[in-house]
Amino acid sequence: ILVGGTIDASTVAEFERAVRTEGAAGTRSLVLDLTDVTHLASAGVALLHQLVALHRANGATLRLYAPLGTAAEMVLTLVHLEHDTRESDRAALPDLED
């Protein structure tokens, strides 16, 4: 899923619905491309932690891609949320659109 714009208290519910729908409530592996996220607030960080844990508990994977220097990468690094940062990481991501 390509994600862009602001993820904060006013947008987190819509973001959560989209991820839960595409990820079949955490049972289908997904890649979130956070390249175009301009602001990742605490509500978004909390949700990402929950969604990663949900996928893990269901035996699926939620991979986060945030290139170096992006707003999302800086926040994810600060909160120690595992994510891929290089284009080569992105290219190596499995095609999960099946």
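To be clear, the structure that these remarks concern was listed above.
Rules used in this analysis
Positions within a chain are numbered from 1, following the residues in the order the chain's sequence is written. Note on the predicted model: pLDDT of at least 70 is required for a residue's local features to be given, and 80 or more for side-chain atom pairs to be given and counted; whole-chain, interface and lining totals, by contrast, use all residues. With hydrogens and water set aside, each side-chain value is computed from the structure's full complement of heavy atoms. Helix and strand assignments come from DSSP, with helices taken as H or I runs of at least 4 residues and strands as E runs of at least 2, each series counted from the N terminus. Remark: exposure states derive from per-residue accessible area (1.4 Å probe, protein chains only) relative to the maximum for the residue type, with buried under 20%, exposed over 50%, and partly exposed in between. Whether two residues touch is decided by their heavy atoms; if any such pair falls within 4.5 Å, the residues are in contact. At least two bridges found by DSSP between two strands is the condition for calling them paired. For the handedness criterion, the strands are oriented away from the viewer, and a crossover whose path from the first strand over the helix to the second runs clockwise is classed as right-handed. Definition of nonpolar core: a set of buried residues of the types Ala, Val, Leu, Ile, Met, Phe, Trp, Tyr and Cys, connected through side-chain atoms within 4.5 Å. Convention adopted: a line fitted to C-alpha atoms gives each axis, helices being fitted over their contacting stretch, and angles between N-to-C directions are expressed from 0 to 180 degrees. To obtain the arc, one takes the directions from the helix axis to the C-beta atoms.

Caption draft 1: Up close: the overall build of the protein. Helix and strand content of the protein: four helices and three strands. Taken from N to C terminus, the helices and strands of the protein fall in the order β-α-β-α-β-α-α. Within the protein, the fraction of its 98 residues that count as buried is 41%. Of the contacts formed within the protein by residues at least 6 apart in sequence, a portion of 68% connects residues at least 24 apart.

Caption draft 2: Expanded view of the environment of His-49. Tracing the sequence through the fold places His-49 in helix α2 (residues 42-57). On the basis of relative accessibility, which here comes to 36%, the residue His-49 falls in the partly exposed class. Spatially, the C-alpha atoms of His-49 and Glu-82 are 9.7 Å apart, while their sequence positions differ by 33 residues. Setting aside chain neighbours within four positions, we find His-49 in contact with Val-79 and Leu-81.

Caption draft 3: Just the pairing of strand β3 (residues 62-65), in detail. With four bridges connecting them, strand β2 (residues 30-40) and β3 associate as parallel partners. Among the inter-strand pairings, Asp-33 is bridged to a residue of β3, identified as Tyr-65. Assessed by its sense of winding, the connection that carries the chain from β2 through α2 to β3 is right-handed.

Caption draft 4: Region of interest: the nonpolar core. One finds Phe-15, Leu-32, Leu-34, Leu-40, Leu-48, Leu-64 and Leu-76 to be the most contacted residues of the largest nonpolar core, which totals 22 residues. If you list the elements that add at least two residues to this core, you get β1 (2-7), α1 (12-22), β2, α2, β3 and α3 (71-78). Once residues within four sequence positions are removed from consideration, Leu-34 is found in contact with Val-3, Leu-48, Leu-64, Tyr-65, Ala-66, Ala-72 and Leu-76.

Caption draft 5: Just the sheet that holds β3, in detail. Pairing in this open sheet of three strands is parallel, and the strands run β1-β2-β3 from one edge to the other. The strands lining the two open edges of the sheet, one partner per strand, are β1 and β3. The average angle at which neighbouring strand axes cross in this sheet is 35 degrees, direction not considered.

Caption draft 6: A look at α1. Turning to α1, its buried residues are Val-12, Phe-15 and Val-19. An end-on view of α1 places all buried positions within 60 degrees of arc, on one side of the element. In α1, the exposed positions that point more than 90 degrees away from the buried face belong to Glu-14, Arg-17 and Thr-21. On the buried face of α1, the contacting elements are β1, β2 and α2. The positive-phi residue at the C-terminal boundary of α1 is Ala-24, with phi of around 50 degrees.

Caption draft 7: Quick peek at unusual backbone geometry. In the Ramachandran plot, Ala-24 falls in the positive-phi region, its phi being about 50 degrees despite a non-glycine side chain. Mapped onto the secondary structure, Ala-24 falls in the loop between α1 and β2. Judged by its relative accessible area of 39%, Ala-24 is partly exposed. Residue Ala-25 is not a glycine yet carries a positive backbone phi of 55 degrees. Within the secondary structure, Ala-25 sits in the loop between α1 and β2.

Taken by themselves, the reported measurements are silent on function.
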